[in-house]
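# Examination of the molecular architecture
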Amino acid sequence: AQSVTQPDIHITVSEGASLELRCNYSYGATPYLFWYVQSPGQGLQLLLKYFSGDTLVQGIKGFEAEFKRSQSSFNLRKPSVHWSDAAEYFCAVGRSGGGADGLTFGKGTHLIIQP
Amino acid sequence: NAGVTQTPKFQVLKTGQSMTLQCAQDMNHEYMSWYRQDPGMGLRLIHYSVGAGITDQGEVPNGYNVSRSTTEDFPLRLLSAAPSQTSVYFCASSYTPPGEGVSPLHFGNGTRLTVT
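A brief structural summary. Treat the numbers as computed from the prediction; the structure is a model and nothing was measured.

What counts, and where the lines are drawn
Residues numbered from 1 in each chain as written. Chains lettered and ligands numbered in written order. Predicted model: local features only at pLDDT ≥ 70, side-chain atom pairs only at ≥ 80, totals over all residues. Heavy atoms only, no water. Helix = DSSP H or I, 4+ residues; strand = E, 2+ residues; numbered from the N terminus. Buried < 20%, exposed > 50% of the residue type's maximum accessible area, 1.4 Å probe, protein only. Contact = heavy atoms within 4.5 Å. Areas by Shrake-Rupley, 256 points an atom, 1.4 Å probe, with all protein chains shown as cover. Pairing = 2+ DSSP bridges. Phe/Tyr/Trp six-rings, centres within 6.5 Å; stacked < 30°, edge-to-face > 60°. Lys NZ or Arg CZ within 6 Å of the ring centre and 35° of its normal.

With that settled, the discussion passes to the overall build of chain B. Scanning chain B from terminus to terminus reveals 0 helices and 11 strands. Put simply, chain B runs from its N terminus to its C terminus through helices and strands in the order β-β-β-β-β-β-β-β-β-β-β. Referenced to the eigenvectors of the C-alpha coordinate spread, the extents of chain B come out at roughly 40 × 30 × 25 Å. Buried positions account for 53% of the 116 residues belonging to chain B. Relative to all contacts within chain B whose residues are 6 or more apart in sequence, the contacts with residues 24 or more apart total 54%. When the accessible surface of chain B is summed, it comes to about 5,200 Å², and 50% of that surface belongs to carbon and sulfur atoms.

Moving on to the pairing of strand 10 (residues 87-94) of chain A. Residues and elements named next belong to chain A. Of all 8 residues in strand 10, 8 are buried; the element is thus mostly enclosed. Of the two faces of strand 10, the one holding Ala87, Tyr89, Cys91 and Val93 and the one holding Glu88, Phe90, Ala92 and Gly94 are both buried throughout. Pairing between strand 5 (residues 32-38) and strand 10: 7 bridges, direction antiparallel. Bridge pairing in strand 10 places glutamine 38 opposite glutamate 88.

In this section: the packing of aromatic side chains. Inspection of every chain in the model, using the stated rule, returns 14 aromatic pairs over all chains. Seen from their ring centres, Phe63(A) and Tyr89(A) are 5.7 Å apart, and the 50° between their planes marks the pair as tilted. Here Tyr89(A) lies in strand 10 and Phe63(A) lies in the loop between strand 7 (56-58) and strand 8 (64-68), a separation of 26 residues in the sequence. Grouping residues by exposure puts Phe63(A) and Tyr89(A) together as buried. Members of the aromatic cluster, joined through ring pairs, are Tyr32(A), Phe34(A), Tyr36(A), Phe51(A), Phe105(A), Tyr35(B), Phe90(B) and Phe107(B). Taking the ring centre of Phe74(B) as reference, the NZ or CZ of Arg68(B) above it sits at 6.0 Å.

Encoded structure:
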């Protein structure tokens, strides 16, 4: 079965600084990988996804993520964070043919932005 | 375009009471699912549906029932509420299987349930 690990429960970053959120996955074949963001009191919104091809994928709100097969990682990055980026971030892994139960979420990383 | 609508936003129940969390989507999505979100646990799948009349269990189905009589609606029923069911519940829908991500999962804004 697939699984996702987000090692950092909380991360604090100063506004304007760069950001990297870590995600490691476990899945036998080539995974489908996603990052979702949850603003306070809201549902989750898709930031970006990786299926195949270029291992560096661009998403919304200036985020990008890099798929590294050798490290089983899919880390999320942003060069300069804004106060509005404060939110909960979830990494998720999917599988081909998985149907509606084929998406597994990590436990999330809570991002705090310091002024 | 309303997307995924969940009602109510907040609910307090006493142990043993039953209730239904409502979920409706207006995007003609076949795939719908219910997740619960608990601190430090991320999102866990309760039940899901791949179309009207078809439902199945997810990771944590005990204590919950679902039905899917129409494409639009996917209610979640708590049969006899327990304090362990205190959580935030999210309904989600997608046009294609969510694990394949061809179309994104659309989430509602959640229902915060407290069972005392």
